[in-house]
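Letter by letter, the chains look like this.
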Amino acid sequence: MTLHKGRGFAAINYPIGMNLGGDPSQALVHSNPDGKFTVALSAIDLGQGMKSVTRQIAAETLGVPIADVYVDTADSDTGPHDMGSFASRGTHRMGNAVIRASEEARQVMLEAAAEELEVDAGDLVTDGQGNIHVRGAPSRTITTMAASQAAQFKQGRTIAGRGIFLVPLSDVDPETGEMSPVTTFAHAAMLVTVEVDDETGEVAVTDMQSAYEVGRALNPKLVEQQLRGGAWMGMSHAAWETTEPHYPARDHRPEDFNTYLMPGPGDIAPHHISILERPAEDGPYGGKGPGEMCANPVLPAVVNAVYDAVGVRIDELPVTPEKVLRGLQANGGAKPRQAL
Amino acid sequence: MAKTPVNFTLNGSPRSAFAGPGQNLLDFLRREVGDLTPKFGCGQGTCGACTVTIDGATHLSCLVLAESVEGRAIGTAAGLPDGATLDPLQEAFMDHFAAQCGYCTPGMLVSARALLDANPRPSRDEVIEAISGNLCRCTGYEPIIAAILAVAEGRARA
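This report concerns the structure included in the present document.

Definitions and cut-offs
Residues numbered from 1 in each chain as written. Chains lettered and ligands numbered in written order. Predicted model: local features only at pLDDT ≥ 70, side-chain atom pairs only at ≥ 80, totals over all residues. Heavy atoms only, no water. Helix = DSSP H or I, 4+ residues; strand = E, 2+ residues; numbered from the N terminus. Rg over C-alpha atoms; globule rule 2.2 N^0.38 Å. Contact = heavy atoms within 4.5 Å. Buried area = accessible area lost by both parts, 1.4 Å probe. Salt bridge = Lys/Arg side-chain N within 4 Å of Asp/Glu carboxyl O. Polar contact = N/O pair within 3.5 Å; in protein donor to acceptor, adjacent residues only side chain to side chain. Nonpolar A, V, L, I, M, F, W, Y, C, P; charged D, E, K, R; others polar. Pairing = 2+ DSSP bridges. Axes fitted to C-alpha atoms, helices over the stretch in contact; angles between N-to-C directions. Buried < 20%, exposed > 50% of the residue type's maximum accessible area, 1.4 Å probe, protein only. Expected span 1.5 Å × (residues − 1). Phe/Tyr/Trp six-rings, centres within 6.5 Å; stacked < 30°, edge-to-face > 60°.

The next thing to look at is the overall build of chain B. If you tally the helices and strands in chain B, you get five helices and five strands. Reading chain B from its N terminus to its C terminus gives the helix and strand order β-β-α-β-β-β-α-α-α-α. By the compact-globule yardstick of 15 Å for 158 residues, chain B fits well, its C-alpha radius of gyration being 16 Å. Across its three principal directions, the C-alpha atoms of chain B cover 50 × 30 × 25 Å.

In this section: the interface of chain B and chain A. Counting from both sides, the interface comprises 23 residues of chain B and, opposite them, 25 residues of chain A. At the boundary of chain B with chain A, total buried surface from both sides reaches about 1,800 Å², with 66% on carbon and sulfur atoms. Remark: the boundary between chain B and chain A carries one salt bridge. Among the salt bridges present, the one from Glu241(A) reaches Arg137(B), with a minimum N-O distance of 2.5 Å. Connecting chain B to chain A are four residue pairs in polar contact (both at pLDDT 80 or more). Looking at the side of chain B that touches chain A, the elements that each hand over two or more residues are helix 4 (124-130) and helix 5 (142-152) of chain B. Top contributing element to the side of chain B that touches chain A by residue count: helix 5 of chain B, with three residues. Looking at the side of chain B that touches chain A residue by residue, the class counts come to 13 nonpolar, six polar and four charged.

Residues and elements named next belong to chain A. One open sheet accounts for four strands, arranged 1-9-10-11; its pairing is mixed. Looking at the sheet topology across the chains shown, the edges are occupied by strand 1 (3-15) and strand 11 (271-276). Mean inter-strand twist for the sheet, computed between neighbouring axes without regard to direction, equals 15 degrees. Note: strand 10 (residues 203-213) against strand 11, six bridges, orientation parallel. Residue pairing in the sheet places Met208 in a bridge with His271 of strand 11.

Turning next to the environment of Leu227(A). Residues and elements named next belong to chain A. Its place among the elements puts Leu227 in helix 4 (residues 220-239). Using a relative accessible area of 0% as the deciding quantity, one classes Leu227 as buried. Not counting chain neighbours up to four residues away, the residues in contact with Leu227 comprise Tyr212, His271, Ile273, Ile275, Pro290 and Cys294.

Quick look at helix 3 (residues 105-118) of chain B now. Residues and elements named next belong to chain B. The end-to-end C-alpha distance of helix 3 is 20 Å, a good match for the 20 Å that 14 residues give at a rise of 1.5 Å each. Within helix 3, twelve of the 14 residues are buried, leaving the element largely enclosed by the surrounding structure. Of all the positions in helix 3, only Thr105, Pro106, Gly107, Met108, Leu109, Val110, Ser111, Ala112, Arg113, Ala114, Leu115 and Leu116 are classed as buried. Where helix 3 is buried, its residues contact strand 3 (51-54), strand 4 (57-60), helix 2 (88-95), helix 4 and helix 5.

All names here are of chain A. Per the stated rule, a full pass over the model turns up 18 salt bridges over all chains. Between Lys36 and Asp68 there is a salt bridge whose closest N-O contact spans 3.1 Å. Taken as a pair, Lys36 in the loop between strand 2 (23-31) and strand 3 (37-40) and Asp68 in the loop between helix 1 (50-62) and strand 4 (69-72) lie far apart in primary sequence, 32 residues in all. Overall, Lys36 belongs to the partly exposed group, its relative accessible area being 35%. With a closest N to O distance of 2.9 Å, Arg162 and Glu104 form a salt bridge. Linking Arg162 in strand 8 (residues 160-167) with Glu104 in helix 2 (residues 90-117), this pair joins segments that are 58 residues apart in sequence. Here Arg162 falls in the exposed class, since its relative accessible area comes to 60%. Relative accessible area serves as the criterion here: at 29%, Glu104 is assigned to the partly exposed category. Members of the salt-bridge network, linked through shared partners, are Asp23, Asp82, Arg89 and Arg93.

For the coordinates displayed, the defined rule picks out two aromatic pairs over all chains. Ring centres 5.7 Å apart and planes at 80 degrees place the aromatic pair Trp232(A) and Tyr141(B) in the edge-to-face group. Taken together, the positions of Trp232(A) in helix 4 and Tyr141(B) in the loop between helix 4 and helix 5 put the pair across two chains. The same class applies to Trp232(A) and to Tyr141(B), which are both buried.

Here it is as structure tokens:
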């Protein structure tokens, strides 16, 4: 038995969102009488941080403290329309819709404040701490709560905003086939190190070095969390997860956690992550979507690393011990690429 | 068939409830007792989401007959906070972003607490072994291991 070490590299471009008939997201923002704001979305937070990031975006755009914003994703029946949380589109699509809705609500809030302060709304600025004041004259001030209450109880004004972000359907040029299905790409590069056991065919990922370009990392800790977990899932897809084989019949296929394998806490590889920030022109505050692209580069990198280690080119995922052993047999043994 | 009264303690408080014939402890805790922190993942003892302690030792509550906990002390993630004060492990899980969807988190916390109660200064390998029965789909495990080690090494927020 020999353990063969190999390194593999892969780089990807990953499109943000999808475009199979237009890709819209809507957001509604309104103030409550206590001066706090509610953002209504129908795209859900399944742990990736949708609520945190749209809350940051709304607070930044409204010019109010983040504690004054509540994001409600409770009900897609009664909420504004959204295509959903998938295709790595959440931050980009929902974020842009939230900016537009927040801008409209902010404008009404400033008009309400202007009426109370007897000034022009165009002369007002927010300090992000819950105050609105006249530019250059901080003593001419009103709290966002007082402005909201004046709008609600005195002026009869709704501080609210609507926002939609739509990437329209891109027609295909019948002559050239040219189209613009996406507006933004995220990018990633990954270098993995593997050890391949030429007796058992087992592949262990021992190290991952990555660079992910995510636009602006609106919440760096959430981005890192998603990249770390997603790369683990990529490693799992590359070398573990499968419902095959099912010899001799389909009812022998893996169908529970005993037989559908994933790397456990003892199988993880150290992952060194570099986050590159190149704010996207059409992204909310430059953000893209670090969703699925965190897993994608791991798969080709692992396949390349196995080729580097033992000279076996696997063309069907995952890289199971069976496939490695069949490849080794076909090649007449391990042929490390460095030795070729 | 008749239901069986079961007397036990849950996170230190005496409790009584009726267990149905063949009802497992997970279902019993969630439906009859009202503690929703143990989660139903696989129902066959392979995912760890339902992990609880019985007399201090970790058990998969989906594989335990509810009637068998008569007189025993059950511990769940609901017992970790002291009033409004979170357990240091809960603080560390937040600080290290050790949860995403959160479904595995109560089971992870119970396994981690049981480890630290028995072995306050575990090595990394001991932490890995202690949570190896708890599956996580989101985090890649590293943030969870880091959070537990932070508490073990006294680096976590007090």
